[in-house]
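Residue-level listing of the chains:
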There are 2 protein chains.
Amino acid sequence: MTPARVYQHPETSEIAMPKVLFALSEPLRLTMVRMLVERGEVDSIDLGPDLPRSTLTHHTSLLRESGIVFVRAEGRKCMIRLREDDLEARFPGLIRTVLNGYPAGAGNEGDA
Amino acid sequence: MTPARVYQHPETSEIAMPKVLFALSEPLRLTMVRMLVERGEVDSIDLGPDLPRSTLTHHTSLLRESGIVFVRAEGRKCMIRLREDDLEARFPGLIRTVLNGYPAGAGNEGDA
DNA sequence: TTGACCGTCCAAGAATTTTCGAACTATCTT
DNA sequence: AAGATAGTTCGAAAATTCTTGGACGGTCAA
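Residues numbered from 1 in each chain as written. Chains lettered and ligands numbered in written order. Predicted model: local features only at pLDDT ≥ 70, side-chain atom pairs only at ≥ 80, totals over all residues. Heavy atoms only, no water.

In the nomenclature of an unreviewed UniProt entry, chain A corresponds to Helix-turn-helix transcriptional regulator from the organism Streptomyces solicavernae.

Chemist: What's the story with the sheet that holds strand β3 (residues 77-82) of chain A in this structure? I'm lost.
Modeler: Sheet strands pair by backbone hydrogen bonding; their relative direction is either parallel or antiparallel. Residue and element names in this part refer to chain A. Ordered by their spatial adjacency, three strands build an open sheet running β1-β3-β2, and the pairing between neighbours is antiparallel. What marks the edges here is a single partner per strand, and that holds for β1 (42-43) and β2 (69-74). The sheet strands contacting helix α2 (residues 27-39) are β1, β2 and β3, and the helix crosses β3 at an angle near 85°. (Pairing = 2+ DSSP bridges. Helix = DSSP H or I, 4+ residues; strand = E, 2+ residues; numbered from the N terminus. Contact = heavy atoms within 4.5 Å. Axes fitted to C-alpha atoms, helices over the stretch in contact; angles between N-to-C directions.)

Chemist: What exactly am I supposed to notice about the protein's contact with DNA strand C here?
Modeler: The local shell around DNA strand C holds 22 residues, among which Arg5(A), Tyr7(A), Ser44(A), Thr57(A) and His59(B) are the closest. Contact distances for DNA strand C include 3.2 Å between a phosphate oxygen and a side-chain N or O atom of Glu26(B). A distance of 3.5 Å is found between a phosphate oxygen of DNA strand C and a side-chain nitrogen or oxygen belonging to Thr55(B). Breaking the surface near DNA strand C down by element, the ones donating at least two residues are α3 (53-65) and β3 of chain A together with α3 (53-65) of chain B. Broken down by element, the residue count for the surface near DNA strand C peaks at five residues, all from α3(B). (Near = heavy atom within 4 Å. Polar contact = N/O pair within 3.5 Å; in protein donor to acceptor, adjacent residues only side chain to side chain.)

Chemist: Mind showing me how you'd approach the pattern of salt bridges here?
Modeler: A pair can form between side chains of opposite charge whenever their charged atoms are brought close. Within this structure, the stated rule accounts for 14 salt bridges over all chains. A salt bridge links Arg72(A) to Glu41(A); the shortest N-O distance between them is 2.8 Å. One end of the pair, Arg72(A), is in strand β2; the other, Glu41(A), is in the loop between α2 and β1, and 31 residues separate them in sequence. What makes Arg72(A) partly exposed here is its relative accessible area of 28%. A relative accessible area of 30% places Glu41(A) in the partly exposed class. Residues Glu41(B) and Arg81(B) are paired through a salt bridge, measuring 3.9 Å at the closest nitrogen-oxygen approach. Separated by 40 residues along the polypeptide, Glu41(B) in the loop between α2 (27-39) and β1 (42-43) and Arg81(B) in strand β3 (residues 77-82) bring together distant segments of the chain. (Salt bridge = Lys/Arg side-chain N within 4 Å of Asp/Glu carboxyl O. Buried < 20%, exposed > 50% of the residue type's maximum accessible area, 1.4 Å probe, protein only.)

Chemist: Is there a simple way to think about the relation of the copies chain B and chain A in this case?
Modeler: Two copies of one chain are present, and they are related through a rotation about an axis combined with an axial shift. For the pair chain B and chain A, the relating rotation is 180°, the translation along its axis is 0.0 Å, and the fit reaches an RMSD of 0.0 Å. Taken together, these values place the two copies in the relation of a two-fold axis. Both copies contact each other with a shared surface, as 100% of the interface residues of chain B are interface residues in chain A too. (Least-squares fit on C-alpha atoms with pLDDT ≥ 70 in both.)

Chemist: Explanation requested: the interface of chain B and chain A in the structure shown.
Modeler: You'll often see interface size given as the accessible area lost when the parts meet. At the interface, 16 residues of chain B touch 16 residues of chain A. Summed over both sides, the interface between chain B and chain A buries roughly 1300 Å², with carbon and sulfur atoms accounting for 81% of that surface. Inspection of the region where chain B meets chain A yields zero salt bridges. There are zero residue pairs in polar contact (both at pLDDT 80 or more) connecting chain B and chain A. For the side of chain B that touches chain A, the secondary structure elements donating two or more residues are α1 (17-24), α2 and α5 (94-100) of chain B. In terms of residue count, the dominant contributor to the side of chain B that touches chain A is α1(B) (five residues). For the side of chain B that touches chain A, the class distribution of residues is 12 nonpolar, four polar and no charged. (Buried area = accessible area lost by both parts, 1.4 Å probe. Nonpolar A, V, L, I, M, F, W, Y, C, P; charged D, E, K, R; others polar.)

Chemist: Whenever I open this one, the packing of aromatic side chains confuses me. Can you help?
Modeler: Aromatic ring pairs are reported here in terms of the distance separating the ring centres and the angle at which the planes meet. Overall, the coordinates contain one aromatic pair over all chains when judged by the stated rule. Pairing Phe22(A) with Phe22(B) gives two aromatic rings, centres 6.2 Å apart and planes at 50°, and the pair type is tilted. Linking Phe22(A) in helix α1 (residues 17-24) with Phe22(B) in helix α1, this pair reaches from one chain into another. (Phe/Tyr/Trp six-rings, centres within 6.5 Å; stacked < 30°, edge-to-face > 60°.)

Chemist: So what exactly am I meant to see when it comes to the protein's contact with DNA strand D here?
Modeler: Taken together, the neighbourhood of DNA strand D is formed by 23 residues, with His59(A), Arg5(B), Tyr7(B), Ser44(B) and Thr57(B) sitting nearest. Among the atoms of DNA strand D close to the protein, meaning within 4 Å, 70% are from sugar or phosphate groups. In this structure, a phosphate oxygen belonging to DNA strand D sits 2.9 Å away from a side-chain N or O atom of Tyr7(B). Contact between DNA strand D and Ser44(B): a phosphate oxygen at 2.7 Å from a side-chain N or O atom of the residue. At the level of secondary structure, the elements contributing two or more residues to the surface near DNA strand D comprise α3 of chain A together with α3 and β3 of chain B. Of all the elements, α3(A) adds the most residues to the surface near DNA strand D, at five residues.

Chemist: Help me understand the nonpolar core, please; the structure alone is not making it clear to me.
Modeler: Soluble, globular proteins show a tendency: their nonpolar side chains are buried together. Leu24(A), Ile68(A), Leu24(B) and Ile68(B) are the most contacted members of the largest nonpolar core, which totals 58 residues. The contact partners of Ile68(B), leaving out residues within four places of it in the chain, are Val20(B), Ala23(B), Leu24(B), Val33(B), Leu63(B), Arg81(B), Leu82(B), Arg83(B) and Leu87(B). (Core = buried A, V, L, I, M, F, W, Y, C linked by side-chain atoms within 4.5 Å.)

Dropping the structure here:
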């Protein structure tokens, strides 16, 4: 039994505003974050069913490394959830304020 | 008497969250925005006295095109101020929330 | 165990952003 | 008018980021 996949996450205190804003500055990732807020923990593939897997990994890694999401391995899939409490502690109101200004559908995401 | 320099600004309704977040995702520009909040309208050169002028123009243009600042020519200088009301109307609380999470000095800016 | 799946890593190319010197225009001072 | 000053534009080079295919290793079902 191997330790499966392990993901590195920044400490709450290490979460940096510029990196977070950069991560959120992409419509695709912003839409992912909205889905996380609405659904709680999701299977990573739900965040971009039509994306090539390596592209999806790229974006989820960026969200993880910036401190926005927590990632854990679950069997062969990968479950992702927003670090709500950590983000709220570090940058109170940020996620809510940002999503408020980016209504659903604003980014022409996915399902036509 | 020539019309001097004219600057294009997006309408309030055209200000887009991803572009704004991208503009704010750079420590240098984030620091500029803080200075604008603290000082009101400033001479553009105050935003980066040590930067090459063309670099300064690049950053101020990006802030202007994203809808964050208003720029006007004043003689040979260029005065810049935050579009506080427009930003507050479009994305309530955003600037305050962001600057709150990016304390002064966080970006090692300028004066050593 | 075999085979299908899933996610990551690597590498390469495309696209974007950043930086800044040089040339140019406009403005102010004298 | 001449010289100094301010800002923009252009071009080029460096740095980042984005996208994707392909190889690889772990996981699940049969």
